[in-house]
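Residue-level structural notes
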Amino acid sequence: MSTPLAIGIDLGTSGARAVVMTPGFEIVAQGAAKLADFGANPRDPKIWWQAVEVALKAVLVQVDRTWVHAIAVDATSGTLLPVDGQGVPLAEPLMYDDKVGDEALLARIAAVIPAESAAHGTTSGLAKALVFQSVPGVAKILHQADWIAGRLAGHFGTTDENNALKTGYDPIDRHWPDWLAAAGLRTALLPRVVAPGAPIETIEPAMAKALGLSEEVEIIAGTTDGCASFLATGADRPGDGVTALGSTLTLKLLCDRPIFAPEFGIYSHRLNGMWLAGGASNSGGKVLSHFFSADEIVRLSAAIDPDVSTGLDFYPLLEPGERFPVLDPAWPPRLTPPPADDAGFLQAMLEGISTIEKLGYDRLAELGAPPLQSMRSLGGGASNPAWTAIRQNRLGVPFLPAHSQEAAAGAARLALIGLEAVGDL
């Protein structure tokens, strides 16, 4: 294959995946490794790296390595770790969903943080950074993707604008803001920030030799797992939406302007000269799986006529409380009156979740986002034909196939952007 190749690496909660992509976005190799294969502690950075290395080597044996020109990494948003001057981890990382319980520390943040910042909350990167700055010998506080990219580059001082967002980065003025110091953070411990897709530097020579790669391979700034998943679908124009139909219902919409609505947990990532906004409902697949097994959902869905509505107004939740498209901790579930049979009950829930999806994109438009123009879908629910037809009826926009469901493919797209920046494409 005589064309430059880009590699995307995705480090998730259970393992690492890698893909190799051509400039035409064709995926020509894939590899994966489970964290559990290398130890019992998924927080151990050594295990992260072992999984990444195995996934990376798995794709490299499938291609001509001399044509690999760039690598980019995505990983879980809000996972941080402190390192010394050589990038050696100094404490167990705090993962994306770990909460900081120090009330005094959280009060320092609350006293100065702007309302529109994405660094609110006990799980924010900022709260974790304030904890880690007290670790003896700390030289930098990094995000998970930063550390993996640093292993490749031999340099541990760079992050991207998307990973930096929950640590307090200002995406409008594009800098670490002064109020971080007022919150008590030693900002010298934070990495420099570049745009996703920006070249960081060439691969570290010893790493290139170990992997059988050229020393000219560019290490490109990556992104968060959520942003990478969006990019993987091929969505690239304002109004392009991506819905993830997993355990929860998550919406993302590409915008020509930033959207901030902290009351709904909505903030915006800079991405390829545009903005990515979105929200997440407490409804979704976990409600369906509470009532039916996966096999039952398949069987019952086959009996649904999506063009004949049940006429019911379900709001499927397992317990009171909603965050988007409405914000109400007491918002009640609506799962009555029960239809006559299980297929009708499932259909009413699918209709309800689809209505929530429509309300979500309408909410984003009310806040200044462009109206939804197209839809790509991710997650297990995307393979359900009846649900897809119900959603098409609700949303009224073209449903387009996702180029890939792999976040690593989104990271590979950023690697290609970096190659274009350095003139390799």
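Just so it is clear, the structure is predicted and the values come from calculations on it, not from any experiment.

What counts, and at which threshold
- Residues numbered from 1 in each chain as written.
- Predicted model: local features only at pLDDT ≥ 70, side-chain atom pairs only at ≥ 80, totals over all residues.
- Heavy atoms only, no water.
- Helix = DSSP H or I, 4+ residues; strand = E, 2+ residues; numbered from the N terminus.
- Rg over C-alpha atoms; globule rule 2.2 N^0.38 Å.
- Buried < 20%, exposed > 50% of the residue type's maximum accessible area, 1.4 Å probe, protein only.
- Contact = heavy atoms within 4.5 Å.
- Areas by Shrake-Rupley, 256 points an atom, 1.4 Å probe, with all protein chains shown as cover.
- Lys, Arg positive; Asp, Glu negative; His and termini not counted.
- Charge placed at Lys NZ, Arg CZ, Asp CG, Glu CD.
- Pairing = 2+ DSSP bridges.
- Axes fitted to C-alpha atoms, helices over the stretch in contact; angles between N-to-C directions.
- UniProt positions renumbered as here; feature names shortened; annotations may be inferred.
- Polar contact = N/O pair within 3.5 Å; in protein donor to acceptor, adjacent residues only side chain to side chain.
- Salt bridge = Lys/Arg side-chain N within 4 Å of Asp/Glu carboxyl O.
- 1 Å grid on protein atoms, 1.4 Å probe; cavity = no way out; pocket = protein on both sides within 12 Å on 5 of 7 lines; lining within 4 Å.
- Points joined across faces, edges and corners; volume = space filled by probe spheres on them.
- Nonpolar A, V, L, I, M, F, W, Y, C, P; charged D, E, K, R; others polar.

Some points on the overall build of the protein chain
Check the secondary structure of the protein chain and you find 13 helices and 15 strands. In terms of overall size, the protein chain behaves like a compact globule, its C-alpha atoms giving a radius of gyration of 22 Å where 425 residues would be expected to give roughly 22 Å. Each principal axis of the C-alpha atoms in the protein chain carries an extent, and together these give about 65 × 55 × 40 Å. For the protein chain, the proportion of its 425 residues judged to be buried stands at 54%. When contacts within the protein chain are restricted to residue pairs at least 6 apart in sequence, long-range pairs at least 24 apart make up 69% of them. Summed over all atoms, the accessible surface of the protein chain reaches about 16900 Å², with 52% contributed by carbon and sulfur. Side chains of the protein chain give 30 positive and 47 negative charges; the mean places of these two sets differ by 2 Å.

Description of the side chain of Q347
Looking at the element boundaries, Q347 is found in helix α11 (residues 342–366). A relative accessible area of 7% means that Q347 is categorised as buried. Contacts of Q347, omitting those with residues within four sequence positions, involve I304, D305, V308, S309, T310 and I390.

Here we look at the sheet that holds strand β15 (residues 374–378)
Read across the sheet, five strands follow the order β13-β14-β12-β11-β15 without closing on themselves; strand pairing throughout is mixed. Edge positions in the sheet fall to β13 (268–271) and β15, since each has one partner strand and no second. Strand-to-strand twist in this sheet, taken as the mean axis angle between neighbours without regard to direction, amounts to 25 degrees. Pairing between strand β12 (residues 249–255) and strand β14 (residues 274–281): seven bridges, direction antiparallel. Looking at the pairing, L254 lines up with L276 of β14. On the sheet, α11 packs against β11 (240–245), β12, β14 and β15 and is oriented at approximately 30 degrees with respect to β12.

Thoughts on the UniProt feature "domain: Carbohydrate kinase FGGY N-terminal" (unreviewed entry) in the protein chain
In this structure's numbering, the residues bearing the UniProt feature "domain: Carbohydrate kinase FGGY N-terminal" (unreviewed entry) are residues 6–98 and 138–230. The annotated region residues 6–98 carries 17% helix and 35% strand content, and the separation between its end C-alpha atoms amounts to 33 Å. Secondary structure content for residues 138–230 is 33% helix and 23% strand, and the end C-alpha separation is 34 Å.

Observations concerning the pairing of β15
Counted residue by residue, β15 has five buried out of five residues, so it is predominantly covered. Across the two faces of β15 the burial is the same, with S374, R376 and L378 and M375 and S377 all buried. Both β11 and β15 contribute to a ladder of five bridges, which runs parallel. Residue pairing in the sheet places G241 in a bridge with M375 of β15.

Looking at the side chain of S117
Checked against the element boundaries, S117 lands in the loop between α2 (103–112) and α3 (125–132). Here the side chain of S117 touches A119 through a polar contact of 3.0 Å, landing on its backbone nitrogen. In contact with S117, other than residues within four places in its own chain, are G168 and W179.

Regarding the sheet that holds strand β1 (residues 5–11)
One open sheet accounts for six strands, arranged β3-β2-β1-β4-β10-β9; its pairing is mixed. Two strands lie at the open edges of the sheet, namely β3 (27–34) and β9 (199–202), each paired on one side alone. The mean inter-strand angle of the sheet, taken between neighbouring strand axes irrespective of direction, is 20 degrees. As defined by bridge partners, β9 adjoins strand β10 (residues 218–224) across three bridges and the pair is classed as antiparallel. Paired with P199 across the strands is I220, a residue of β10. Across the sheet, helix α4 (residues 144–153) touches β1, β4 (68–75), β9 and β10, and the angle it forms with β4 is around 155 degrees.

Describing the pattern of salt bridges
Should their charged atoms come close, side chains of opposite charge can pair. On inspection of all chains with the given rule, the structure shows 11 salt bridges. In this structure, R257 engages D256 in a salt bridge whose closest nitrogen and oxygen atoms are separated by 3.3 Å. On the basis of relative accessible area, D256 is assigned to the partly exposed category, the value being 46%. The salt bridge involving E366 is made with R363; its shortest N-O contact spans 3.3 Å. Highlighted residues: E366 and R363, both in helix α11, separated by three residues, approximately one helical turn.

Some thoughts on empty space enclosed by the protein
Within the structure shown, the criterion is met by two cavities of 30 Å³ or more. Each pocket or cavity is described by its volume, and for the largest cavity that value is around 70 Å³. Lining the largest cavity, in full, are V73, A145, D146, A149, T158, T159, D160, I200, I220, A221 and G222. Among the elements of the structure, α4, β7 (158–160) and β10 are those that each provide at least two residues to the lining of the largest cavity. Its residues assigned to classes, the lining of the largest cavity comprises six nonpolar, three polar and two charged. Taken as a whole, the second largest cavity encloses approximately 30 Å³ of empty space. Surrounding the second largest cavity, D146, A149, G150, A153, H155, T158 and I200 form its lining. Taken together, the residues of the lining of the second largest cavity sort by class into three nonpolar, three polar and one charged.

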